[in-house]
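Coordinate inspection notes
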Amino acid sequence: MSTALIENQTPSAQRPWRKKSRNDVLIVVVASTLPALFCFTIYQIGILSPVISGMLFVILQIAAGAIAGTIHRGRRGLADGVLIASIGFALAFIGTVMSSVIWSVLTKGLEALKWQFIIQNNEYITPTSPLGYGGIGHAVLGTLIIVGIATIISVPIGIATAVYITEVRGRSRVLVQGLVQAMSGVPSVVAGLFIFATLIFTGVFEFNGLMGALAYTILMLPTVARTAEEVLRLVPEDLRSAALALGASRARVVSMVVLPTAKSGLVTAMLLGIARVVGETAPLVFTIFGSAKTNINPVEGPMAAIPLYIFNGVRQPFAPEQARAYSAALVLLFLVIVFFTLARVLSSDRRKGKK
Amino acid sequence: MITTVEAVPFVAPKTQGAGVPDQDLVLASKNLYVWFGPRMVLADVSLNFPKNSVTALIGPSGCGKSTYIRTLNRMHELIPSAALAGQVIFEDKDIYDPTVNPVDVRLRIGMVFQKPNPFPAMTIKENVLSGLKLAKLSNSNQNELVEKSLSQAGLWNEVKDRLDNTGGSLSGGQQQRLCIARSLAVDPHVLLMDEPCSALDPGSTLRVEQTIRELSEFMTVVIVTHNMQQAQRVATYTAFFLLEDNNPGYAVEHGPTQHIFGNPIDQRTSDYVNGRFG
Amino acid sequence: MTAAAFFSLIVLSLIAFFLVYQSLPAIRDQGLINFLTGTEWDSKTTSDGTTTEDPVFGVAAMLWGTILIAIIAIVIGLPVSLGIAVFIVFIASARLATLLRNTIDFLAAIPSIVFGLWAISALTPVGKQWGEWLTNSLGFIPIFENNLGIWVGTPFIAGIVLAVMVTPIITSVSREVLGRTPPELINASQALGGTLWPTLRYVAFPFAKSGIVAATMLGLGRALGETVAVFYVLNLTYGKINWYQIVSPDGGSIASLIVAKFSEADPLEISALLGGGMVLFIITLIVNAISTTIARSTVKDM
């Protein structure tokens, strides 16, 4: 590659390191298709069992990566070739799973998903009722009420915890951080059991929506607290010092300066908290009991919620009920995506605003 | 919204100065242009680096000196938006030729960075030998290699009793000499140094300069520095880089160090080496 | 504010207190040792509600089952997560890395009940087939033994579901710690001729090691406590501990046990189930504490 430069003429930008000889391209193409072709042929002929051909494929593909790397870069290319082939498998695994999850809920869930399904309740519906009748309106309402109450309880406590961690210095801060971390590790089934053991098993309350909301609170609080903590940390120290220098008290600095500055971030914390719990099933099994009727009173009588509806529906050995469960899962997934996307959009807006 | 402006192509003035004899060159760049994304940062740099010499690259901040030496051992291409045109000839071969393996280039042309960066998880000895591991080279007599490299870097006497301590236990200047020893262990022919003393105290700086002079007896050194005295103390040749307005940087003047500092041809070189700007 | 900050302390203490308190009747009835080492779980209540024999409640089979599927989840999930994290940090272009990060975060946001449905409808048929092939091809290896001829409801299938669920957790933490490898160290490695693998092996992994261990423990904690995603696809077997036969339909899971037995339990059995919940709570607390300690000591080192 010799560039004869004419006087006064600027050459164009190049990336010689990206240049691949035809040989290199050939190596990559052969190395990434040959093992698959070979193993597929073997499998079709039926010489080896599928598991052996599958394993042979993995081994051959990684070996092909090693050989391609060695041809391309010598002895040093070997490990890189193996690594890249293995990473390819990891990506393929997660890609397959992801599309399979969405595909399975989508194909099975669209069948029963009609307008009436979202607004009607399930009162006169049996597991064998045809799909044109009944719906999960009562469960949607129940989920909104339960999540709403959990939000009202956990957001103030979560933000207060975050303020404590970011504004109060000293050893107790580390302790509180550790406690929040520990609380985020509480399995959801334990959260439900705890509410059951304290408030229902002891006879203080019956199964009702509030109990579900309390169980959700236990799961939601750490998420809100940790996200809010991150957000509050982003508030510039100068702002705090400036307000303090003006003679404001610590408490006033927090309420007048820190929290308003971090407002959109705190909304993100709330949304992430909601996304965390809205699909949780296990805490509800022990707390709200489930219901086919519409019940909007959180302190009186059993309540329905989408996750619990799915949980019970899919256990029924009847096709219509299962179809309804999958449709409910689709609705639930939609809700999660809405909250998740909202949180994402808000936080990326904030980051852009910062620049 | 991208408005394409047909930019007037920047033509770098010819590099002035006495230059460097064309014989016995180890490394040379020919008409080298460098880009980050659409922005050209260096234009038409042609410099020669003779065998067993020390060349200092001086110039104000941001003029592309560091970018330039990173093109000399193909570290430049590791930045995603990087691009380049021109040639870098190392021992009679263009290092950007598609048949050349960048790893071989980086082994023959070592690099020492601004901030001492020994591997924190490794001992002093392991740090010196890390190049062998990283590039999968074999060496039968590792202890000898450790002693030789550390001696060449002028560190052996200070650390010979604590080779199993971590690199982080050394002072800043010692760490930097450890990084030099680490580069020497893979037997490079050229050593590129990117402001190797800017993070060091004056005492350590003098110690490292001493090492550089010793190294130049058997290898070629290219050193980027902001320190005029340092350039005069260590360098056989000096090249002055400059960027003006929003144009790319280029090499204004290149020649023996005493010419550049004693009687420079270009007025700007004179202003810079006499501390009138930069 | 201080009260709010210690709300989590209060909740954690209350959880511990009430689970212990409410499970005391069952533990007294069974004896702590029997409760922890027993494998049977039978209220001995007939369909008309009469009890003829003394009930037996032991969590050992369920406890080991929980650990077994969590191990399978980590064995599959950890390499996958590391592979993706390495790809995002060291290989992918900025745009591709962002896309992958969002995909992984989205995967983390999918509710476990949805994974449960996926496990029933999509994974079980495939997992059953794989299990059968594994036994037929590699049945001489003890872990692939299957004496029952049924490959549905195996720890293998439950482990795969959990692997998918822990992958986003391990990936995002490992991605972060790998991404924190100082660029000057990576530069140094590359300048010494280190390509991708040597740079990872000698520079990035030693740096990120404890972070990755902490991430793995975090994933383990999640896998141990997962309920509904496992509930449908794992066959619970009482009376013996299935130590290693992962493609045999003999599983155990404390969380699934609780959900399965809860609705028809009498007060004594509920008390025993709460005891199971307590065991699960303590184990996850320990695993998470280890993770936090490791993560914190790393931060101090830096």
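Residues numbered from 1 in each chain as written. Chains lettered and ligands numbered in written order. Predicted model: local features only at pLDDT ≥ 70, side-chain atom pairs only at ≥ 80, totals over all residues.

**Quick notes on the overall build of chain C**
The secondary structure content of chain C amounts to 12 helices and 2 strands. Of all 302 residues assigned to chain C, the portion counted as buried reaches 56%. At a minimum sequence separation of 6, the contacts of chain C that also span at least 24 residues come to 78%. (Helix = DSSP H or I, 4+ residues; strand = E, 2+ residues; numbered from the N terminus. Buried ≥ 20, exposed ≤ 12 C-beta atoms within 10 Å, placed from the backbone. Contact = placed C-beta atoms within 7 Å.)

**Some points on the overall build of chain B**
Summing up its helical and strand segments, chain B has 10 helices and 10 strands in all. Reported as C-alpha extents along the three principal axes, the dimensions of chain B are approximately 60 × 40 × 40 Å. The proportion of buried residues among the 278 residues of chain B is 51%. Restricting to contacts in chain B with at least 6 residues of sequence separation, those with at least 24 account for 71%.

**Some details on the interface of chain C and chain A**
Between chain C and chain A, the contact holds 63 residues from the first and 63 residues from the second. Here the residues of the side of chain C that touches chain A sort into 45 nonpolar, 18 polar and no charged. (Nonpolar A, V, L, I, M, F, W, Y, C, P; charged D, E, K, R; others polar.)

**As for the sheet that holds strand S8 (residues 220–224) of chain B**
Residue and element names in this part refer to chain B. Overall, mixed pairing links the 6 strands, which are arranged S6-S7-S8-S3-S9-S10 in an open sheet. Each edge of the open sheet is held by one strand with a lone partner, namely strand S6 (109–112) and strand S10 (250–256). Within this sheet the neighbouring strands show an average axis-to-axis angle of 15°, counted without direction. In the sheet, strand S3 (residues 54–58) pairs with strand S9 (residues 237–242) via 4 bridges, with the strands oriented parallel. Note that in S9 the partner of Ile58 across the bridge is Phe240. Of the strands in this sheet, S3, S6, strand S7 (190–194), S8 and S9 are in contact with helix H1 (residues 65–72), which crosses S8 at around 150°. (Pairing = 2+ DSSP bridges. Axes fitted to C-alpha atoms, helices over the stretch in contact; angles between N-to-C directions.)

**A look at helix H2 (residues 50–73) of chain A**
Residues and elements named next belong to chain A. Under the 1.5 Å per step criterion, the end-to-end length of H2 is 34 Å for 24 residues, consistent within 8% with the ideal 34 Å. Here H2 has its buried residues at Ser53, Gln61, Ala64, Gly65, Ala66, Ala68 and Gly69. As for H2, its buried residues are in contact with helix H1 (22–45) and helix H3 (77–109). (Expected span 1.5 Å × (residues − 1).)

**Brief notes about the packing of H3(A) against helix H6 (residues 112–138) of chain C**
Following both chains from N to C, one finds H3(A) and H6(C) inclined at 85°, their axes separated by 9 Å at the closest point. By the angle between their axes, H3(A) is roughly perpendicular relative to H6(C). Contact residues: H3(A) offers A:Ser100, A:Val101, A:Ser104, A:Val105 and A:Lys108, while H6(C) offers C:Val114, C:Phe115, C:Leu117, C:Trp118, C:Ser121 and C:Ala122. In the contact of H3(A) with H6(C), the residues fall into 7 nonpolar, 3 polar and 1 charged. (Parallel < 35°, antiparallel > 145°, perpendicular 65-115°, else oblique.)

**Describing the interface of chain B and chain A**
How big an interface is tends to be stated in terms of accessible area lost as the parts join. Across the boundary between the two partners, chain B contributes 19 residues, which contact 18 residues of chain A. Residue composition of the side of chain B that touches chain A, grouped by class: 13 nonpolar, 3 polar and 3 charged.

**A word on unusual backbone geometry**
Residues and elements named next belong to chain B. Look at Asn31: it is not a glycine, yet its phi comes out positive at around 45°. Phi at Asn52 takes a positive value of approximately 50°, unusual for a residue other than glycine. Checked against the element boundaries, Asn52 lands in the loop between strand S2 (39–50) and S3.

**Focus: the environment of B:Gly19**
Residues and elements named next belong to chain B. Take Gly19: it is sitting in the segment before strand S1 (25–36). Note: C-alpha distance between Gly19 and Phe49 (30 residues apart in sequence) is 10 Å. Among all residues touching Gly19, those that are not within four sequence positions of it are His254 and Gly255.

**Considering the nonpolar core**
Formed by 296 residues in total, the largest nonpolar core has its most connected members in A:Ala329, C:Val114, C:Val161 and C:Leu162. Here this core takes 19 residues from helix H4 (residues 60–91) of chain C, the largest share from any one element. Not counting the four nearest positions on each side in its chain, C:Leu162 is found in contact with C:Ile69, C:Ala70, C:Ala73, C:Ala223, C:Glu226 and C:Val230. (Core = buried A, V, L, I, M, F, W, Y, C linked by C-beta atoms within 7 Å.)

**Section: the sheet that holds S2(B)**
Within a beta sheet, neighbouring strands are joined by backbone hydrogen bonds and run either parallel or antiparallel to one another. Residues and elements named next belong to chain B. Across the sheet, which stays open at both edges, the 4 strands sit in the order S2-S1-S4-S5 with antiparallel pairing between neighbours. The open sheet terminates on both sides in strands that have one partner only, identified here as S2 and strand S5 (93–94). Bridge analysis of S1 against strand S4 (residues 82–90) gives 8 bridges, and the strand direction is antiparallel. Pairing of Lys30 across the sheet is with Gln87, part of S4. Each of S1, S2 and S4 is contacted by H1, which is oriented at about 120° to S1, the strand it contacts most.

**Focus on the pairing of S10(B)**
Residue and element names in this part refer to chain B. A large share of S10 lies buried, amounting to 6 of its 7 residues. With 6 bridges joining them, S9 and S10 adopt antiparallel strand pairing. Within S10, the residue paired with Leu242 across the bridge is Tyr250.

**Comments concerning the environment of A:Gly185**
Mapping A:Gly185 onto the fold places it in the loop between helix H6 (171–184) and helix H7 (188–200). Along the backbone, A:Gly185 and A:Leu219 are 34 residues apart, and their C-alpha atoms lie at a distance of 8.8 Å. Apart from residues lying up to four places away in sequence, A:Gly185 is in contact with C:Gly221, C:Thr284, C:Leu285 and C:Asn288.

**Some remarks on the pairing of S4(B)**
Residue and element names in this part refer to chain B. In terms of burial, S4 is largely enclosed, as 8 of its 9 residues are buried. Pairing of S4 with S5, which is carried by 2 bridges, proceeds in the antiparallel orientation. Of the residues in S5, the one forming a bridge with Ile89 is Asp94. Between the end of S4 and the start of S5, which pair antiparallel, lie 2 residues, with Glu91 showing a positive phi angle near 45°.

**Overview of helix H5 (residues 94–109) of chain C**
In an α-helix, one turn spans 3.6 residues, which is why side chains three or four residues apart end up on the same side. For H5(C), with 16 residues, the first-to-last C-alpha span of 23 Å sits near the 22 Å given by 1.5 Å per residue. Of the residues making up H5(C), those classed as buried are C:Leu100, C:Ile104, C:Leu107 and C:Ala109.

**Some words on the confidence of the model for chain C**
On average, residues of chain C score 92 in pLDDT, and 97% of them are at 70 or above. Overall fold confidence for the complex sits at a pTM of 0.91, while the interface term, ipTM, reaches 0.92. (pLDDT = per-residue confidence, 0-100.)

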